[in-house]
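Given next are the chains, with one letter for each unit.
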Amino acid sequence: PAAGEQTGPARLVASSPNPNVRNFMLAQGAWGSMPDDTFASRFRTTNSFTGTPTMFTPAGTATSALTHVALTRTTAGLQTLYVNGVAQTSSTITGSTANWDNTYPLTLANIATGDRPWLGTLCDVAIYDTALTPTDITTNHTSGCSIPRADREFVSDDFDSSVLGSQWTFVDPLGDSSMALTGAG
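Remember, predicted model here, so these are calculated numbers, not experimental data. (Residues numbered from 1 in each chain as written. Predicted model: local features only at pLDDT ≥ 70, side-chain atom pairs only at ≥ 80, totals over all residues. Heavy atoms only, no water.)

In this structure, Val13, Leu26, Phe39, Val69, Leu81 and Trp118 are the most contacted members of the largest nonpolar core, which totals 15 residues. Going through the elements one at a time, strand E1 (10-15), strand E2 (24-28), strand E3 (39-43) and strand E6 (78-83) are the ones with two or more residues in this core. Tallying contributions element by element places E1 first for this core, with 3 residues. If near-sequence neighbours (up to four positions away) are discounted, Val13 is found in contact with Phe24, Met25, Leu26, Leu106, Thr107, Leu108 and Val125. Core analysis: the next-biggest nonpolar cluster, separate from the first, contains 5 residues, Ala14, Met25, Ala27 and Ala40 among them. (Core = buried A, V, L, I, M, F, W, Y, C linked by side-chain atoms within 4.5 Å. Buried < 20%, exposed > 50% of the residue type's maximum accessible area, 1.4 Å probe, protein only. Helix = DSSP H or I, 4+ residues; strand = E, 2+ residues; numbered from the N terminus. Contact = heavy atoms within 4.5 Å.)

Among all residues save glycine, negative phi is the norm, and among peptide bonds the norm is trans. The residue after Thr52, namely Pro53, is reached through a cis peptide bond having omega 10 degrees. You can see Pro53 is positioned in the loop between E3 and strand E4 (55-56).

So, about the pattern of salt bridges. A side chain of one charge can pair with a side chain of the opposite charge if their charged atoms are brought near each other. Going through the model one piece at a time under the given rule, you end up with 1 salt bridge. Between Asp115 and Arg116 there is a salt bridge, with its nearest N and O atoms 3.8 Å apart. (Salt bridge = Lys/Arg side-chain N within 4 Å of Asp/Glu carboxyl O.)

With that settled, consider the packing of aromatic side chains. Evaluation of the coordinates by the stated rule reveals 3 aromatic pairs. With centroids separated by 5.2 Å and ring planes inclined at 55 degrees, the aromatic side chains of Phe43 and Trp100 adopt a geometry described as tilted. Placement of the pair is Phe43 in strand E3 and Trp100 in the loop between strand E7 (86-92) and strand E8 (106-108), with a sequence separation of 57 residues. Take Trp100: its relative accessible area is 29%, and that puts it in the partly exposed class. (Phe/Tyr/Trp six-rings, centres within 6.5 Å; stacked < 30°, edge-to-face > 60°.)

In structure tokens form, the structure reads like this:
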């Protein structure tokens, strides 16, 4: 993160067309009088239409240092939010993802409307179709960032859509380098 405190919550990665609905989100900060130096997650199921309640890490877990953040969810609904390889909070929200809307864009460092910007550099973003184990989380955390420090500047022109193929498109809705990845493949 560029700063330990961000509000919104500021979206690191989400599948969401606007601030009010989502399939999932992984974010930093909160709103109102809540602490902004936290990470937050929401995961929509057939029993939790908007992915609430929001799950927060303890105050002080978000800093400006390079940070590994991961959210896992088992088929039984157990969600765990990790920071730097350590489980920080867990909750259970039962239900399936049968109500997910596949028209919601996958967005990085914001949402499609542009009003939940996250400030910082995303190093490696991965979405799995299974819940990672604590050992998997530790392995991913200890592997570090694969982008050399000097090359971590985010510029929208860095993306070459021809490499992704015709089914994927990077969208810059506000022209401010907040990118959304849409498509299939």
